[in-house]
Amino acid sequence: MSLIETLRAEARAAPESGIVAVVNHGRLREGLIPLWAGEGDLPTPAFISDAATRGLAGGETFYTWQKGIPDLRQALARYYARHFGKTFPEEEFIVTGSGMHAIQLALAALAGAGDEVVYLSPAWPNFEAAAAIAGAVPVPVTLDQSGNGWSCDVEKIAVAITPRTKALFINTPSNPTGWTADHETLQAILDLARAKNLWIIADEIYSLFHYGHGRAPSFLDIASPEDRILFVNSFSKNWAMTGWRVGWIKTHPALQQVFENLIQYSNSGVAQFMQRGAVAALDEGDAFIAEQVERARAARDLVCDILGATGRARFTVPQGAFYLFFKVDGITDSRAAAFDIVDKANVGLAPGTAFGPGGEAFLRLCFHRRLDQIEEAAHRLAKWMKTA
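This structure is a prediction, so every number in the text was calculated from the model and none was measured. (Residues numbered from 1 in each chain as written. Predicted model: local features only at pLDDT ≥ 70, side-chain atom pairs only at ≥ 80, totals over all residues. Heavy atoms only, no water.)

1. Some points on the overall build of the chain
Argument step 1. In terms of helices and strands, the chain carries 13 helices and 15 strands.
Argument step 2. In summary, the chain has a C-alpha radius of gyration of 21 Å against a globular reference of 21 Å for 388 residues, a match within 12%.
Argument step 3. The C-alpha extent of the chain, read off along each of the three principal axes, is 60 × 55 × 50 Å.
Argument step 4. Expressed as a percentage of its 388 residues, the buried residues of the chain come to 54%.
Argument step 5. Within the chain, counting contacts between residues at least 6 apart in sequence, those at least 24 apart form 75% of the total. (Helix = DSSP H or I, 4+ residues; strand = E, 2+ residues; numbered from the N terminus. Rg over C-alpha atoms; globule rule 2.2 N^0.38 Å. Buried < 20%, exposed > 50% of the residue type's maximum accessible area, 1.4 Å probe, protein only. Contact = heavy atoms within 4.5 Å.)

Below, the structure is given as structure tokens:
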């Protein structure tokens with residue numbers, strides 16, 4: 001028996017990222033414009049980094065509160081009061097080692113071997129893989145796409161629910177599609193979860209990256225305190241902190257000790273000096289977020305105009321997040337297309353095959369970069385489409 005055969009089947013079955021495969025193919029190409037990853041091109045702003053540096057210089061390098069320092073949990077409460085108009089005690093917040101860690105803890109609390117978790121697809125691939133590694137069965141429900149854009153048929157979610165279903169994973173605004181649930185859809189999903197006694201894992205990481213009026217609709221707008229909802233989130237997107245790996249869970253205060261215990265037995269807490277940077281992000285970062293959203297809006301409009309003018313690109317202008325999920329007439333194998341685009345256009349895109357059912361024919365472009373790069377990349381892609 002080989003070494004690999006002695007590992008858990010779930011670990012052996014963990015898939016290679018379809019995005020990373022393309023990144024590895026093109027990351028060293030001179031002049032390549034990398035639009036494959038879900039991050040912007042700006043480093044973390046100084047007001048955040050300086051706060052972390054002060055904490056590090058001040059000796060904040062010891063074990064700390066596993067659930068997060070009080071200052072950070074209080075800052076999270078202030079953030080929600082400003083942006084969601086809701087008052088929550090600090091006991092409702094648990095600091096995690098990234099948004100991905102928050103999702104893993106939510107799964108550890110809710111679903112085990114043989115349990116099912118329903119999620120909307122096309123989807124960020126990490127959730128499906130994390131659920132499977134945990135021993136649960138991820139069950140995709142595809143979003144619908146038409147000339148009117150992406151939409152969620154809640155009846156399809158209802159049909160997917162079985163006696164083994166434990167939770168619904170709802171990401172809105174969506175990575176990769178940009179679909180953003182309205183309050184009516186959120187209410188229908190919440191009503192379904194209540195009727196079936198299911199949990200909702202609400203990934204609202206892109207709530208502030210919304211191109212309507214203000215932030216995106218949230219389950220917080222309609223939920224009661226006793227609803228079974230775990231909110232998972234991250235500092236990565238709003239504050240240009242992707243490499244920091246700091247996130248949080250918002251949960252019912254009755255569950256705080258459970259999640260603190262799960263922190264103990266996973267990463268044992270986030271470094272305190274990094275949490276100082278996160279406090280600064282929350283308390284001082286609203287203007288930075290607003291600037292980033294407007295920058296992303298301009299980039300979105302530019303890339304949509306250029307690709308739309310080709311007559312071959314098919315897409316819905318995204319309502320939220322910072323991705324364009326598009327098809328190219330005549331192209332059915334998005335994985336092969338992504339490699340070809342690296343080779344011939346020197347642009348890095350993520351293949352839709354990485355995002356599960358419903359995404360196979362699409363490509364994902366992250367437009368959260370400076371306008372001159374987005375314009376150049378869009379023109380390179382338009383040129384590639386003429387011969388593809």
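2. Let's talk about the environment of Y119
Argument step 1. Assignment of secondary structure puts Y119 in strand β3 (residues 116–121).
Argument step 2. Taking the relative accessible area as the measure of exposure, Y119 reaches 2% and is therefore buried.
Argument step 3. With 22 residues separating them in the primary sequence, Y119 and V141 have C-alpha atoms 6.1 Å apart.
Argument step 4. Apart from the residues within four sequence positions on either side, Y119 is in contact with F127, E128, P138, V139, P140, V141, F169 and P357.

3. As for the packing of helix α11 (residues 286–308) against helix α13 (residues 371–387)
Argument step 1. Viewed as axis vectors pointing N to C, α11 and α13 meet at an angle of 20 degrees, and their least axial separation amounts to 9 Å. The angle between the axes of α11 and α13 places the two elements in the roughly parallel class. Crossing of α11 against α13: the hand is right-handed. Only L371, I374, E375, A378, H379, L381, A382 and M385 of α13 make contact with α11, whose side of the interface consists of A298, A299, L302, V303, I306 and L307.
Argument step 2. Residues belonging to the contact of α11 with α13 are distributed by class as follows: 12 nonpolar, 1 polar and 1 charged. (Axes fitted to C-alpha atoms, helices over the stretch in contact; angles between N-to-C directions. Parallel < 35°, antiparallel > 145°, perpendicular 65-115°, else oblique. Left-handed = near helix turned anticlockwise from the far one by under 90°. Nonpolar A, V, L, I, M, F, W, Y, C, P; charged D, E, K, R; others polar.)

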